[in-house]
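Listed below are the residues making up each chain.
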Amino acid sequence: MGSAPLLTLAVLVLAACRGAPPQTSGDQELARLVDSLRAPVEQAAGMRYKTAPRSAMRSREQVRAYLVNKLDEELTPARLHGLESGYRLFGMLPDTIALRSLLLDIYTEQVAGYYDPDSATFFGVEGADRAQLRLVLAHEMVHALQGQYLPLDSILKATANNDRLTAAQAILEGQATLASLEVLAPGQAVSKDPQFWEMYRSQVQQQQTTMPVFARAPLLVRQSLIFPYLDGAEFMHWWEASRHADTLPYGPRMPLSTEQILHPERYESGDAPLTLAFAEPGGIYEDALGENEIRVLIATLAGSDEVQTAVPIGWGGDRFRVYDTGEGPALIWYVVWDDQRSRDRFLGGPGAALRRTARRGYKTVIDTLTVGARPATRYVLAPVGWELWGRLPGVR
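Keep in mind that what you see is a predicted model, and the values were worked out from it rather than measured.

Draft legend 1. Inspection of unusual backbone geometry at higher detail. Unlike most non-glycine residues, A120 shows phi in positive territory, near 55°. Among the structural elements, A120 can be located in the loop between β2 (113–116) and β3 (121–125). Looking at A120, the relative accessible area reads 33%, which means it is partly exposed. Of note in this structure, A373 is not a glycine but carries a positive phi near 65°. As for its position among the elements, A373 is in the loop between β7 (362–371) and β8 (374–383). Judged by its relative accessible area of 75%, A373 falls in the exposed class.

As structure tokens, then:
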């Protein structure tokens, strides 16, 4: 879910803080707007452009074609089948929803502009609201800066561990969000006001209602797309007040998990996730959920539309794998916990709900075990006649 293109889906709070932008269109007008924002973006981001940012206007038809190409590039048929099968078995994606079509509809719903790392170019969308275009431009120009200091292409295509990818995206989007706020509200230091973050989170959530397709999407999709903007911005706000303030969380400083994004004290203490690998090859798809998506799972199991993030769940690492069988897909999921108390808390709440997962012709099992001397759980949801029930794949 985290490998989507860098599109600004979150609407910044202070949309009208500097009045109405010029009502112009076309490549030259866009280039002038880019040039006018260059110095403020550099100052806000703490970096300078090595080369001038490039820009061009695109029609909505061209944007849709770009998005179709990006989605097909990143969500190959095999990967899409594995993703959909896994999230459906977890219960986070209804069987009736086609993920590719949903994502394409969301991305094209209210796109005013985007930065394309492949061509290192900012594209404005013809006919987009001018105020929204200026907001998006201030944000996406930070991505253009990042692209001159970071290997964005390799970062965004490292899809073997979605949790780690989402953490990296949270840094990219979080930095861009904070910098664009400073550009749009110079000298006001709005992000340093403790009340701002509560207002910001509330207003971004309210903005969902203005995007009907997004508002109707499953919690998993909405949380996956909003997480980098909201929680990434809050992490970067923490970073700016920490002992790391004179650096950027790039390269070896990049957080390794959504747990570290949600709970910066875990990042500060060096609490790195445990990397799990299946002991033998097999299956059609595998990945890690991480704390953010486990929290979505917990909310989904509880019938809630709100993801709670205040207290760490004690996640240490996880890995799931999906198999195709003649009777339907099968899922096996291992989670390593920080301690037995965290494992017991999961088993007493979400784990109990998982045990009651009902699919016709399927069997559900949750086991407790140890992985590398750490307390762990194993969840299996598979057809009753699955040939691997007698020799379940292990992890190391």
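Draft legend 2. Looking closely at helix α8 (residues 194–207). Between the first and last C-alpha of α8 there are 21 Å, a value that for 14 residues agrees with the 20 Å anticipated at 1.5 Å per step. Every buried residue of α8 is accounted for by F196, W197, Y200 and V204. Buried residues of α8 fall within an arc of 95° about the axis and therefore sit on the same side. Exposed and oriented more than 90 degrees from the buried face of α8 are P194, Q195, E198 and Q206. Structurally, α8 contributes buried residues whose contacts are with α7 (162–184) and α10 (219–240).

Draft legend 3. Representation of the pairing of strand β5 (residues 315–325) within the structure. Of all eleven residues that make up β5, ten are buried, and the element is covered over most of its length. Bridging between strand β4 (residues 285–287) and β5 involves three bridges; their strand directions are antiparallel. Across the sheet, Y285 pairs through a bridge with V322, a residue of β5. As judged from the ten bridges shared by β5 and strand β6 (residues 328–337), these two strands associate in the antiparallel manner. Looking at the pairing, D324 lines up with P329 of β6. The hairpin turn running from β5 into β6, its antiparallel successor, is two residues long.

Draft legend 4. Spotlight on the nonpolar core. Counting residues in hydrophobic clusters, the biggest one holds 108 residues, and the most contacted among them are F90, I106 and W333. What W333 contacts, discounting residues up to four positions off in sequence, is F90, L289, I294, L297, D318, R319, F320, F346, L354, T377, R378 and Y379. Of all hydrophobic cores here, the second largest spans 15 residues; its members include L276, F278, Y334 and A376.

Draft legend 5. The arrangement of the packing of aromatic side chains in detail. Enumeration over the complete set of coordinates arrives at 16 aromatic pairs. For the ring pair F235 and W238, a centre distance of 5.3 Å and an interplane angle of 45° mean the geometry is tilted. You can see F235 and its partner W238 sitting in helix α10, three residues apart, about one turn around the helix. With a relative accessible area of 1%, F235 lands in the buried category. For the ring pair F235 and Y267, a centre distance of 5.6 Å and an interplane angle of 85° mean the geometry is edge-to-face. Taken together, the positions of F235 in helix α10 and Y267 in helix α12 (residues 264–268) put the pair 32 residues apart, joining distant regions of the chain. Ring-pair connections join several aromatic residues into one group, and the members of that group are F90, Y285, F320, W333, W337 and F346.

Calculation notes
Residues numbered from 1 in each chain as written. Predicted model: local features only at pLDDT ≥ 70, side-chain atom pairs only at ≥ 80, totals over all residues. Heavy atoms only, no water. Helix = DSSP H or I, 4+ residues; strand = E, 2+ residues; numbered from the N terminus. Buried < 20%, exposed > 50% of the residue type's maximum accessible area, 1.4 Å probe, protein only. Expected span 1.5 Å × (residues − 1). Arc of directions from axis to C-beta. Contact = heavy atoms within 4.5 Å. Pairing = 2+ DSSP bridges. Core = buried A, V, L, I, M, F, W, Y, C linked by side-chain atoms within 4.5 Å. Phe/Tyr/Trp six-rings, centres within 6.5 Å; stacked < 30°, edge-to-face > 60°.

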